[in-house]
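Chain by chain, the residues:
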Amino acid sequence: MIKMILTDLDHTLLKTDGTISERTLETLKKCREKGCILVIATARYWIGAERYIELLTPDYEITTDGTLIHSGDECIYSCCFTAEETNGIVKALLEAAPDTEITVAQGKTVYWNSRHIAESEKLHKAVYCEYDKPLMEGGNKIVAELASEDIARSIAESFGCKLQCYRGENWYGFLPKGAGKTAAIRALAEKCGIALHEIAAFGDDRNDMEMLEMCGTGVAVSNAVGEVLDIADEVTGSNDEDGVAVWLEGELLG
């Protein structure tokens, strides 16, 4: 019995053009009417996922690579660096790549040293910050554009934090040690009184692998990277074929 639906957004629930089909919306609605809890689990910052949150109205939002969980306006889980660690990582990133763009999430607030904030589809609500003065609070997640993974890995090792790489991008995420989607899922499952085997999880990228492995049913969309396809319990259609909806219709609504 599936009691919770847990889905990634980009390249999984979202079509390649960033939309969610009416079929998917209707299928998720029917699943919730049957008592399933709907949760999104995304690498996006909360402000980058906001328009999808408004559209889907999930019961819970796991955002910022699993370092935050919100339910409506309430933050029910937060994993963050100390202020000292945050400022140290930002300093190291700027020393390694002085012109790099850096984002730091503190809850729903995102700081960014870009002059093009207003033009960003995902982060137009970010707050401009040059990082010329220390941040007063710790960040949940720090992301920077770097020339190579080797540079990112060296900095992550220096600070003992977790490095997150993203599909087809030269942006690298730095998370507190032990943070991530799986830690957030365990905390949420305990809060909801749901066993992990009662969760169906959907994903496409390497940062979804642990999530798919830990949940009762891990489903990869067919456009997932090879490593995800290899470890998934099942494979459904691609994101452009409404793969999540197809699986749910067959397994929960059929």
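Residues numbered from 1 in each chain as written. Predicted model: local features only at pLDDT ≥ 70, side-chain atom pairs only at ≥ 80, totals over all residues. Heavy atoms only, no water.

Caption draft 1: Up close: the packing of aromatic side chains. In this structure the tally under the stated criterion is one aromatic pair. Judged by centre distance (5.4 Å) and plane angle (75°), the ring pair of Phe-202 and Trp-247 falls under edge-to-face. Here the residue Phe-202 occupies a position in strand β12 (residues 199-203), and Trp-247 occupies one in helix α9 (residues 243-251), the gap between them amounting to 45 residues. Considered together, Phe-202 and Trp-247 belong to a single accessibility category, that of buried residues. Between Lys-108 and the ring centre of Trp-46, over which it is positioned, the NZ or CZ distance is 3.9 Å. Note that Lys-141 overlies the ring of Tyr-45, its terminal NZ or CZ placed 5.0 Å from the centroid. (Phe/Tyr/Trp six-rings, centres within 6.5 Å; stacked < 30°, edge-to-face > 60°. Helix = DSSP H or I, 4+ residues; strand = E, 2+ residues; numbered from the N terminus. Buried < 20%, exposed > 50% of the residue type's maximum accessible area, 1.4 Å probe, protein only. Lys NZ or Arg CZ within 6 Å of the ring centre and 35° of its normal.)

Caption draft 2: Examining helix α3 (residues 46-56) more closely. Most of α3 is tucked away: eight of the eleven residues are buried. Taken as a whole, α3 has its buried residues at Trp-46, Ile-47, Gly-48, Ala-49, Glu-50, Tyr-52, Ile-53 and Leu-56. Buried residues belonging to α3 abut α1 (9-13), α2 (22-33), β2 (37-41), β3 (60-63), β4 (68-71) and β7 (109-112). Just downstream of α3, Thr-57 is the residue with a positive phi angle, here 40°. (Contact = heavy atoms within 4.5 Å.)

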